[in-house]
Amino acid sequence: PHYRGLNTTPAWSPDGLQIIFCSSMSGDPELYLVDWNGTNLKRLTHVRGVEISPAFNPKTGGQIAFVSDRGGSPQIYMMDRDGANVQRIAGGEGYVVDPSWSPNGQLLAFSWRRPNGNYDMYVMDVATREARQLTRDAGRNEHPSWAADGRHLVFQSNRTGSWQLWTML
């Protein structure tokens, strides 16, 4: 589909039948859901601010993690597939971005820039909302992605002075 304005950060639903994406077609960057062939467009968010980087829970398809600055700074929120039950699930001081679901749908990796200015990697158990820091003050660590085995993460980092890809358990 072609819509006016900015159209970015698309993601497939786990069943491959729908695409969620950010669009500024209404003037404000919001999240939209559309069938794979461009039909049945549905707006999911309706707030002032930027709603971006949506990611479906790959196990259930019923939850969507996304980044929103509705509270002032970018934080990670979650909502149901129909846009209901929006709640902040990760964040605090600083910027929390780049949500990435584990293949089993139980964990969420993300980048968090704390007030000290560094972006570090975190992983959160979605059920308990407990987050664990994975990197600490070694350059900027961003854009995590899970391996299919659910045990490894790949991410970008400039810890050596240039941008490189890194992996970790």
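So, a few notes on the structure that sits alongside this text. (Residues numbered from 1 in each chain as written. Predicted model: local features only at pLDDT ≥ 70, side-chain atom pairs only at ≥ 80, totals over all residues. Heavy atoms only, no water.)

1. Some words on the layout of surface pockets
Filter applied, for reference: Definitions used for this entry: grid spacing 1 Å over protein atoms alone; cavity, a set of points where a 1.4 Å probe fits but cannot get out; pocket, an open set with protein on both sides within 12 Å along at least 5 of 7 lines; lining residue, one with an atom within 4 Å of a point. Grid points are joined across faces, edges and corners, and a volume is the space filled by probe spheres set on the points. Working definition: helices are DSSP H or I runs of at least four residues, strands are E runs of at least two. Numbering for both runs from the N terminus.
Estimates place the volume of the largest pocket at around 180 Å³. Forming the boundary of the largest pocket are 14 residues, of which Leu107, Val123, Arg132, Leu134 and Trp146 lie nearest the centre. Listed by contribution, the elements that provide at least two residues to the lining of the largest pocket are β11 (119–125) and β12 (130–133).

2. Remarks on the sheet that holds strand β3 (residues 30–35)
Counted only if it meets this: Strands are labelled as partners when DSSP assigns at least two bridges between them.
The strand order across the open sheet built from 4 strands is β1-β2-β3-β4, with neighbouring strands paired in antiparallel fashion. In this open sheet, the two strands that pair with only one neighbour each are β1 (7–12) and β4 (42–43). Taken together, the 2 bridges between β3 and β4 define a ladder with antiparallel strand orientation. From the neighbouring strand, Leu33 faces β4, where its bridge partner is Lys42.

3. Topic: a nonpolar patch on the surface
Definition in use: For patch building, the residue pool is restricted to those with more than 30% relative accessible area and no salt bridge; the joining distance is 9 Å between like charges and 5 Å between nonpolar side chains (Val, Leu, Ile, Met, Phe, Trp, Tyr). Surface accessibility follows the Shrake-Rupley procedure with a 1.4 Å probe radius. Residue values consider only the protein chains on display as shielding. Salt bridges are defined by distance alone: a side-chain nitrogen of Lys or Arg within 4 Å of a carboxyl oxygen of Asp or Glu.
A contiguous nonpolar surface patch, about 400 Å² in accessible area, is contributed by Trp12, Leu17 and Trp36. Mapped onto the elements of the fold, Trp36 is located in the loop between β3 and β4.

4. Notes on the packing of aromatic side chains
This is how it is decided: Stacked, edge-to-face and tilted are the three classes for Phe, Tyr and Trp ring pairs, Trp counted by its six-membered ring, which pair at centre distances within 6.5 Å; planes under 30 degrees apart are stacked, over 60 edge-to-face, the rest tilted. Burial here depends on accessible area, computed with a 1.4 Å probe over protein chains only, as a share of the maximum for the residue type. Under 20% is buried, over 50% is exposed, and the range in between is partly exposed. Two limits define a charge over a ring: the Lys NZ or Arg CZ must be within 6 Å of the ring centre, and within 35 degrees of the ring normal.
Per the stated rule, a full pass over the model turns up 6 aromatic pairs. Seen in terms of ring centroids, Trp112 and Tyr122 are 5.1 Å apart; in terms of plane orientation they differ by 50 degrees. Their pairing is tilted. Separated by 10 residues along the polypeptide, Trp112 in strand β10 (residues 107–113) and Tyr122 in strand β11 bring together distant segments of the chain. Both residues of the pair, Trp112 and Tyr122, belong to the buried class. The positively charged end of Arg70 is found above the aromatic ring belonging to Tyr77, 5.0 Å away from the centroid. A cation over an aromatic ring shows up here: Arg159 above the ring of Trp166, its NZ or CZ 4.7 Å from the ring centre.

5. What about the pattern of salt bridges?
Under the definition given, this model contains 4 salt bridges. For Asp15, the salt bridge goes to Arg81, with nearest N and O atoms at 3.9 Å. Taken together, the residues Asp15 in the loop between β1 and β2 (18–23) and Arg81 in the loop between β7 (75–80) and β8 (87–90) connect sequence positions 66 residues apart. Classification of Arg81 as partly exposed rests on a relative accessible area of 23%. The salt bridge involving Glu30 is made with Arg43; its shortest N-O contact spans 3.3 Å. Residue Glu30 is found in strand β3, and its partner Arg43 is found in strand β4; the two are separated by 13 residues along the sequence. Since its relative accessible area comes to 1%, Glu30 is described here as buried.

6. Focus on the sheet that holds β10
Note the following rule: Note on method: axes are straight lines fitted to C-alpha atoms, helices fitted across the in-contact stretch only, with angles between N-to-C directions ranging 0 to 180 degrees.
The strand order β9-β10-β11-β12 describes an open sheet built from 4 strands, whose pairing is antiparallel. Among the strands making up the open sheet, the edge pair consists of β9 (95–101) and β12. Strand after strand, the sheet turns through a mean of 30 degrees between neighbouring axes, direction not considered. Pairing between β9 and β10: 5 bridges, direction antiparallel. Across the sheet, residue Trp101 finds its bridge partner in β10, namely Leu108.

7. Regarding unusual backbone geometry
The phi angle at Asp98 is positive, at roughly 65 degrees, despite the residue not being glycine. Its location among the elements puts Asp98 in strand β9. Assessed through its relative accessible area of 14%, Asp98 is described here as buried. Located in the positive-phi region is His143, a residue other than glycine, with phi close to 55 degrees. By the secondary structure assignment, His143 is in strand β13 (residues 141–146).

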